[in-house]
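Each chain is listed here by its residues.
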2 protein chains.
Amino acid sequence: MRRFVVGRTKSLVNRYQRSRVLSSTPLLLDSPSSMAAPPSSSHPSPPVTLETINPKVLKCEYAVRGVIVTLAERLQHELQANPGSHPFDEILYCNIGNPQSLCQQPITFFREVLALCDHPAILDRSETQGLFSADAIERAWQILDQIPGRATGAYSHSQGIKGLRDTIAAGIEARDDFPADPNDIFLTDGASPAVHMMMQLLIRSEQDGILCPIPQYPLYSASIALHGGTLVPYYLDEATGWGLEISELKEQLEAAKSKGITVRALVVINPGNPTGQVLSEDNQREIVEFCKKEGLVLLADEVYQENVYVPDKKFHSFKKISRSMGYGGDDISLVSFQSVSKGYYGECGKRGGYMEVTGFSADIREQIYKVASVNLCSNISGQILASLVMNPPKVGDESYESYAAEKDGILSSLAKRAKTLEEAFNHLEGVTCNKAEGAMYLFPRIHLPQKAIKAAEATNTAPDAFYAHRLLHATGIVVVPGSGFGQVLGTWHFRCTILPQEDKIPAIVSRLMDFHKGFMDEFRD
Amino acid sequence: MRRFVVGRTKSLVNRYQRSRVLSSTPLLLDSPSSMAAPPSSSHPSPPVTLETINPKVLKCEYAVRGVIVTLAERLQHELQANPGSHPFDEILYCNIGNPQSLCQQPITFFREVLALCDHPAILDRSETQGLFSADAIERAWQILDQIPGRATGAYSHSQGIKGLRDTIAAGIEARDDFPADPNDIFLTDGASPAVHMMMQLLIRSEQDGILCPIPQYPLYSASIALHGGTLVPYYLDEATGWGLEISELKEQLEAAKSKGITVRALVVINPGNPTGQVLSEDNQREIVEFCKKEGLVLLADEVYQENVYVPDKKFHSFKKISRSMGYGGDDISLVSFQSVSKGYYGECGKRGGYMEVTGFSADIREQIYKVASVNLCSNISGQILASLVMNPPKVGDESYESYAAEKDGILSSLAKRAKTLEEAFNHLEGVTCNKAEGAMYLFPRIHLPQKAIKAAEATNTAPDAFYAHRLLHATGIVVVPGSGFGQVLGTWHFRCTILPQEDKIPAIVSRLMDFHKGFMDEFRD
């Protein structure tokens, strides 16, 4: 006699006196039996096929590295194998916010500190003083002293090294003028794992919904799909510069509730991805009020907090806004995501980031800590870098001037590129493009002729994907079709980063214009 | 009229002409309606409580950083605040395979290369030649040349930098004498995310089972719990040095099948964690045959492949074994996990690792690639380090001798420590301990007196946890109770790493002996 225990496992005495072994993972245990085991089946379990994998994995999509990127990689190989085989000599990856892949240089101070922490044996050597700035050496010592045993090769505390979290909390305080607690910081390998952790915590089934902007960054749809929840869309209003209307939030929330969906959280991306808008303080206050009233967790994607390009807008964290409204942790559950991949640093490959988790009870925090512990810790270089971006060189430090010059150079150039590309898009026939107030993207709308839409349909392709494929084949420029982010039915967009270096922009603009004119000439109704 | 679409979403035209926005994430869409939205509910969604979070998160447990570690951290703080407040002057973390936290030094060559790749600006400087070995400089150049644009700060290909995967594949070939394909390699932030990826792919519901050794490393039980599957235990036989019997696998598989469980995969940890045994080739062949016959994916945790301490045992990868049996990718689905955290390098904080995925169809590989893409890539330093451990300095390289001395020093010392601790445990009254043939752990069995078991029950604690707590309070030594790994009912164990430095071992042994004697004197029946 055997027994299958699902859910709460129990201690059973079986003929081997085997124990209840493992917490409450559903666990198959056999109970005392004198019967021989049945003979091994001659039908093996089905092999791994698309029909037998987790359907949540099948459902998940991530357009930023979808079909178009696979095609671009193929073209790149063809170009390498046969130079001249395409009407362009390089692939320009404007599909992804990956600044250093397009020749943005890292901030020297940050890299100095990382190198010294990777190889602390050289810190005492005289040659090092010729190679590294004095404040980088000093900072490396400070950081090493914050790491138990100066062991940069050890797993850290599951939330990240305490001293680095102290530094980050101090950086948040300096930014917001409100207190931050290092125990609220969870350092992560970039922002993506942090988003997954929150989705994993909040989503129980398809009956749990997460309010997400449309258009959205597809990490959110992918993560919701992988965790088996329901994406409850709220639409940003393109006509008002991708405005976020509270009436729309309310309407979608009620619609979801009326279908039996429990909406758990609201995702806000500010500055917006792919839309580039920067929320006003008033708007942020309304959003906080809405979440508080409706008991929603506010998941604030603030990874572009350093990327604001217009003088009339400024980044304000949702924590600062909610605290300035007098709301503390008891009033609103708020998670702020930050990353070392964006900003002026653009250190995507370092996979550093954190989430600041406020307004959750101690027992929920323990659950988040437990999940973080299963993966032990995020990478230490990424942790160090997260502390550096939240505490860069200050006026008076040896590196300050070069640091400030590097930072300002990158941000002012990004602003210029955003402007130039936005204007170029707006000059194309049938294209309108909102300003990139922030982030790293433009999301132009293309009013495609019916003939182009029909041609796309004939090849079983979404019209915006059809356009993006033609663009890639003609120019080597990789953009992501709007359908990967979501868009109002019958409208077509694409996301294009503002990241190619300035000296490449004129050629890009002229290739874009030529292509677009040719495309319209071919398909104009 | 509104409509809720679960599963396959459909394009709906609503009054805003909003589109089908996002692939097939369950998605809430509203349909054409002239009705005003219902007024906002006055009942907010329930706040986030233990009752309303994902129950899979609640179920998940991870003893390696469980209650005992939290207690140890508290004692450490108390010691810092009040030196002398406990009968020991430091906490010895023997709970976790984290060598550098216990003063193991990193391999110099590896750190040199990492530092140079972090700050390539110094590669051309003359001072650098005084500070770094010539082959480290050369290796850094080689690696940079493998990275598009030499951009160590860019997201890489979702599977990792192609040139580094080439190096790793070559390392696998050199190790196994069978071909390895760089396209089979997925670089990951340590082995844990790779394990999660495979569990996520394979587990559809509680009706899907994963065969896991008992005792096991609790990453597996945690990951199975988080992904909602069923752990199907197979028991290692302590009496034969934690032997893995095929008859046991068969019996547990049939038991699972008879309960309607579809067993998808078999986890084998070799060398074993927490058990330290190294499988014989014959045994490995039987396991391969079993997986092939039963259509199971073989998930081979081979992160301790460099940690073998006995002359009569040698590590053989499951890929080598299966290829030597004449089985190719069409015959068996095999995933091998490797990590930079273990071996003689012990670079836990770098979060590098990979999985080699063979025997899956192209469409399944695409699904794995897609899931990898959602998180963009693993950290580049970890990727570089994974390439270094699979291609360390060779005879004739400038660093070779110092590298070999560092490596041999670490491994021979680990072997000595394993032996010393094993003998010490076996000298304790009522304790028996198998040899650590490999890995980083001993898993002694404690035959606890009934009086101790009753005392534990009186405090609502598992007897092995009771022992571990008493040990910690008396000596500062942190071990993990066997119940965190699973054990035969009525047997009690703990896992203790062999990682404290050699000069600390005598004191540890004497503290252990004193504590144990005192404990037995107190509770002897």
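Small disclaimer: the values here were computed from a predicted structure and weren't measured.

Remarks on the overall build of chain A
And step 1. Of regular secondary structure, chain A possesses 17 helices and 16 strands.
And step 2. Computed over C-alpha atoms, the radius of gyration of chain A comes to 26 Å, within 12% of the 24 Å expected from 2.2 N^0.38 for 525 residues, which places it in the range of a compact globule.
And step 3. With the C-alpha coordinates aligned to their principal axes, the bounding extent of chain A is approximately 80 × 65 × 55 Å.
And step 4. Taking all 525 residues of chain A together, the buried fraction comes to 63%.
And step 5. Across chain A, contacts joining residues at least 24 apart in sequence account for 70% of those joining residues at least 6 apart.
And step 6. Between the centroid of the 51 positive side chains of chain A and the centroid of its 61 negative side chains there is a distance of 8 Å.

Things to note about the sheet that holds strand 16 (residues 494-497) of chain B
All names here are of chain B.
And step 1. Strand order in the open sheet formed by 3 strands is 12-16-15, and the pairing between neighbours is antiparallel. If you trace the sheet from one side to the other, it starts and ends with strand 12 (441-442) and strand 15 (480-481), each paired once.
And step 2. Pairing geometry for strand 15 and strand 16, over 2 bridges, is antiparallel. Its bridge partner lying in strand 16, Val 480 is registered against Arg 495.

Focus: helix 7 (residues 191-202) of chain A
Residues and elements named next belong to chain A.
And step 1. Over its 12 residues, helix 7 runs 17 Å from end to end, which matches the ideal 16 Å to within 8%, given 1.5 Å per residue.
And step 2. Helix 7 sits mainly inside the fold: 11 of its 12 residues count as buried.
And step 3. Those residues of helix 7 lying buried are Ala 191, Ser 192, Ala 194, Val 195, His 196, Met 197, Met 198, Met 199, Gln 200, Leu 201 and Leu 202.

With respect to the UniProt feature "domain: Aminotransferase class I/classII large" (unreviewed entry) in chain A
And step 1. As recorded in UniProt, the sites labelled "domain: Aminotransferase class I/classII large" (unreviewed entry) are residues 148-504 of chain A.
And step 2. Here residues 148-504 of chain A runs as 40% helix and 16% strand, with 46 Å between its end C-alpha atoms.

Concerning the nonpolar core
And step 1. Counting 349 residues, the largest nonpolar core has Leu266(A) and Leu266(B) as the members making the most contacts within it.
And step 2. Filtering out sequence-adjacent residues up to four positions away, Leu266(B) remains in contact with Leu211(B), Tyr234(B), Leu249(B), Ile287(B), Phe290(B), Cys291(B), Leu296(B), Val297(B), Leu298(B) and Leu299(B).

Quick look at the domain arrangement of chain A
Often, the extent of an interface is quoted as the loss of accessible area on bringing the components together.
Residue and element names in this part refer to chain A.
And step 1. Annotation of chain A at the domain level lists domain 1 (66-95 + 404-523) and domain 2 (157-389).
And step 2. Opposite the 24 residues of domain 1 that make contact, domain 2 presents 27 residues.
And step 3. Of the roughly 2,200 Å² buried at the junction of domain 1 and domain 2 (both faces included), carbon and sulfur atoms supply 58%.
And step 4. Looking only at domain 1, the three residues that lose the most surface to domain 2 are Asn 434, Glu 437 and Phe 485, adding up to 29% of its buried area.
And step 5. The interface formed by domain 1 and domain 2 includes 1 salt bridge.
And step 6. Note that Lys 313 is salt-bridged to Glu 437, the shortest N-O span being 3.0 Å.
And step 7. The tally of links from domain 1 across to domain 2 stands at 12 residue pairs in polar contact (both at pLDDT 80 or more).
And step 8. Looking at the side of domain 1 that touches domain 2, the elements with two or more residues in it are helix 14 (400-427) and strand 12 (441-442).
And step 9. No other element matches the 5 residues that helix 14 contributes to the side of domain 1 that touches domain 2.
And step 10. The class makeup of the residues in the side of domain 1 that touches domain 2 is 13 nonpolar, 6 polar and 5 charged.

Analysis parameters
- Residues numbered from 1 in each chain as written.
- Chains lettered and ligands numbered in written order.
- Predicted model: local features only at pLDDT ≥ 70, side-chain atom pairs only at ≥ 80, totals over all residues.
- Heavy atoms only, no water.
- Helix = DSSP H or I, 4+ residues; strand = E, 2+ residues; numbered from the N terminus.
- Rg over C-alpha atoms; globule rule 2.2 N^0.38 Å.
- Buried < 20%, exposed > 50% of the residue type's maximum accessible area, 1.4 Å probe, protein only.
- Contact = heavy atoms within 4.5 Å.
- Lys, Arg positive; Asp, Glu negative; His and termini not counted.
- Charge placed at Lys NZ, Arg CZ, Asp CG, Glu CD.
- Pairing = 2+ DSSP bridges.
- Expected span 1.5 Å × (residues − 1).
- UniProt positions renumbered as here; feature names shortened; annotations may be inferred.
- Core = buried A, V, L, I, M, F, W, Y, C linked by side-chain atoms within 4.5 Å.
- Domains from an automatic or database assignment.
- Buried area = accessible area lost by both parts, 1.4 Å probe.
- Salt bridge = Lys/Arg side-chain N within 4 Å of Asp/Glu carboxyl O.
- Polar contact = N/O pair within 3.5 Å; in protein donor to acceptor, adjacent residues only side chain to side chain.
- Nonpolar A, V, L, I, M, F, W, Y, C, P; charged D, E, K, R; others polar.

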